[in-house]
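The chain contents come next:
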Amino acid sequence: MDWSVIYDYRELFIRGIMNTILLTAVATVCGTFLGLFISLGKMSSKRILRWTCSIYVELFRGTPMLVQILLIHFAVIPSIWGILYPGASSPEAIYSGFVALSLNAAAYMAEIFRAGIQSIDPGQMEAARSLGMNKGLAMRQIILPQAFTRMLPAIGNEFIALLKDSSLLAVIATPELNYAAMNVAKSTFERYPPYLTEAAVYLVLTLFLSRIVVRGLEKKYSTR
Amino acid sequence: MRIGTNWFKSLALVVGVGMLLAGCGSGGQQTSGSGGASGGSADKVYVVGTDAAYPPFQMLEADKISGHDIDVMNAIAEAGGFKIEWKNTGWDPLFDGLDKGTVDIGISSITITEKRKEKYDFSDSYFEANQLILVAEDSPVTKLADLKGKKIGVQAATTGEEVVKKAFGDTYEGLKGYDDMPSSVDDFFNGRVDAVIGDNGVLSYYVNKVKDKKFKLIKDDSFEKEFYGIIVKKGNADAINKINDGLKKIKENGKLQEIYTQYFGNK
């Protein structure tokens, strides 16, 4: 085992860690927003909206993320780009990563939101409506804040899954953490140092996410 | 309390089964490893590993592995008088398999390099290769040095990657190491990388498959000539002698040239 390879390739690792964090952050924000609207769509009274959102969730939850990444990077984005900007270069791999991770996260977040919202007693909505609130206001002021506290553990789970799933982006040469480790392993024939380092960094990142971010939020929004 | 102990029991069971499986796994590997080492008998079947994603050298056709290297290895085995069995391992697991003894021989357009020689034994060379640079037709690039600051696609851990690292540093930001050659060529035509560097045989094979695209292939004379060799675990003299013997025979009787012509035409 030659641990000096980590030092030799430190730039690659640092760049990888930065991109992994960036990818997770963007996908978390976009996925949460998209997911919220998809979950509301799934509970909508309009049939077409309900069906479209259900199909979306099933598609992204029912196919492997690796396949989604390959499809989005090599097929979907180049063809959309070809139509929008003929002759222009397609965006780099990291943008495919943002899109794939966000769309995938949205499907899971939608189900987390739906579960949270539906776990709130219907009486809450009825009470809010009888006070004269319209449906949207009642959802924003009464239902979502209560649902949010119940959803936090599940959301934390999804963040962590997202962080780890970003490692799949190495197949399209996105310069994230797993790409760095894989390339060092391939180039140096050293397996333990790069992969153990990678594992340790992911562990630190997930521990940070679950301990500080999620637990902190849970404490802040706790009703008990 | 009762639930607590049950929970603990199930956890212990899962961990126990896991450890048992892990134990069996490593045990099994050891036996197969020692079997491989002592397998000097006449009818030993050598497991030949390859990464069948590098046409026209090795590729998958329906469920069969085919290509230039495959034909060469089959001819060597026939001439050298030993039996082989193919295994599509992929590039990385090929080297791993050689280390662990699950693969005896590797043939996969492997360039003979000093670095690789430190870990593995090579046969004599069976193919001469050089690197080519793929750029847009109207590109001003004429040599490797012109690519400084540009995004370059390569197949990770190949000599194509090595020349880029040698020129621009091990952690050059524009270097994109793909898992396979087709992905990097694909991303080149989608404009995500400015150039691709790869072996002549493979690169010309791919770009010629893409119709209606404008590109050119540049040969930088500073690239060293490369030679493909067949690889075995260090110290496996038995296998390497048989391979070199077979290779010598097919070089002499013209079979190697015949296979070359079949894939690349006349020189």
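Residues numbered from 1 in each chain as written. Chains lettered and ligands numbered in written order. Predicted model: local features only at pLDDT ≥ 70, side-chain atom pairs only at ≥ 80, totals over all residues. Heavy atoms only, no water.

The name given to chain B in an unreviewed UniProt entry is Probable amino acid ABC transporter substrate binding protein, and the organism recorded there is Brevibacillus brevis.

## Some remarks on the overall build of chain B
Counting secondary structure elements, chain B contains 9 helices and 12 strands. When the 267 residues of chain B are sorted by exposure, 47% land in the buried category. Long-range contacts, defined as pairs at least 24 residues apart, comprise 69% of the intrachain contacts of chain B with a sequence gap of at least 6. Surface summary for chain B: the accessible area is close to 13400 Å², and the carbon and sulfur share equals 54%. (Helix = DSSP H or I, 4+ residues; strand = E, 2+ residues; numbered from the N terminus. Buried < 20%, exposed > 50% of the residue type's maximum accessible area, 1.4 Å probe, protein only. Contact = heavy atoms within 4.5 Å. Areas by Shrake-Rupley, 256 points an atom, 1.4 Å probe, with all protein chains shown as cover.)

## Things to note about the overall build of chain A
From N to C terminus, chain A includes 9 helices and 0 strands. Mapped in sequence order, the helices and strands of chain A form the string α-α-α-α-α-α-α-α-α. Its C-alpha atoms give chain A principal-axis dimensions of roughly 70 × 50 × 25 Å. The buried share of chain A, reckoned over its 224 residues, is 46%. About 11800 Å² of surface is accessible on chain A, with carbon and sulfur atoms providing 66% of the total. Mean positive and mean negative side-chain charge positions of chain A (20 and 14 charges, respectively) differ by 13 Å. (Lys, Arg positive; Asp, Glu negative; His and termini not counted. Charge placed at Lys NZ, Arg CZ, Asp CG, Glu CD.)

## Observations regarding the domain arrangement of chain B
All names here are of chain B. Here the domain parsing of chain B yields domain 1 (45-128 + 226-264) and domain 2 (130-218). Centre-to-centre, using C-alpha coordinates, domain 1 lies 25 Å away from domain 2. Both sides together, the interface formed by domain 1 and domain 2 hides about 1200 Å², and carbon and sulfur atoms give 51% of it. On inspection of domain 1 and its partner domain 2, the count reaches 0 salt bridges. Scanning the region where domain 1 abuts domain 2 turns up 5 residue pairs in polar contact (both at pLDDT 80 or more). Taken together, the elements giving at least two residues each to the side of domain 1 that touches domain 2 come down to strand E6 (120-129) and strand E12 (226-233). Considering only residue class, the side of domain 1 that touches domain 2 consists of 10 nonpolar, 2 polar and 4 charged. (Domains from an automatic or database assignment. Buried area = accessible area lost by both parts, 1.4 Å probe. Salt bridge = Lys/Arg side-chain N within 4 Å of Asp/Glu carboxyl O. Polar contact = N/O pair within 3.5 Å; in protein donor to acceptor, adjacent residues only side chain to side chain. Nonpolar A, V, L, I, M, F, W, Y, C, P; charged D, E, K, R; others polar.)

## A few points about the packing of aromatic side chains
Enumeration over the complete set of coordinates arrives at 15 aromatic pairs over all chains. Ring centres 4.7 Å apart and planes at 35° place the aromatic pair A:Tyr56 and A:Phe60 in the tilted group. Of this pair, A:Tyr56 and A:Phe60 are both found in helix H3 (residues 47-62), 4 residues apart, which corresponds to roughly one turn of the helix. Both residues of the pair, A:Tyr56 and A:Phe60, belong to the buried class. Relative to B:Phe127, the ring of B:Phe57 lies with its centre 4.9 Å away and its plane at 85°, an arrangement referred to as edge-to-face. With B:Phe57 in the loop between strand E1 (45-50) and strand E2 (59-61) and B:Phe127 in strand E6, this pair connects stretches of sequence that are 70 residues apart. Both residues of the pair, B:Phe57 and B:Phe127, belong to the buried class. Taken together, the ring pairs connect B:Tyr54, B:Phe57, B:Tyr126, B:Phe127, B:Tyr228 and B:Tyr260 into an aromatic cluster. The positively charged end of A:Arg10 is found above the aromatic ring belonging to A:Tyr7, 4.0 Å away from the centroid. Across the ring face of B:Tyr46, the terminal group of B:Lys44 is positioned such that the distance to the ring centre comes to 5.2 Å. (Phe/Tyr/Trp six-rings, centres within 6.5 Å; stacked < 30°, edge-to-face > 60°. Lys NZ or Arg CZ within 6 Å of the ring centre and 35° of its normal.)

## Description of the interface of chain B and chain A
Across the contact, 26 residues belong to chain B and 24 residues belong to chain A. The largest per-residue losses of area from chain B upon contact with chain A belong to B:Asp92, B:Thr171 and B:Arg192, which jointly make up 29% of the total buried on that side. One can count 4 salt bridges joining chain B with chain A. Two residues, A:Lys186 and B:Asp179, come together in a salt bridge whose shortest N-O distance is 2.7 Å. Counting every contact that joins chain B to chain A gives 17 residue pairs in polar contact (both at pLDDT 80 or more). Examining the composition of the side of chain B that touches chain A, we find that 4 residues originate from one element, strand E9 (residues 175-178) of chain B, more than from any other.

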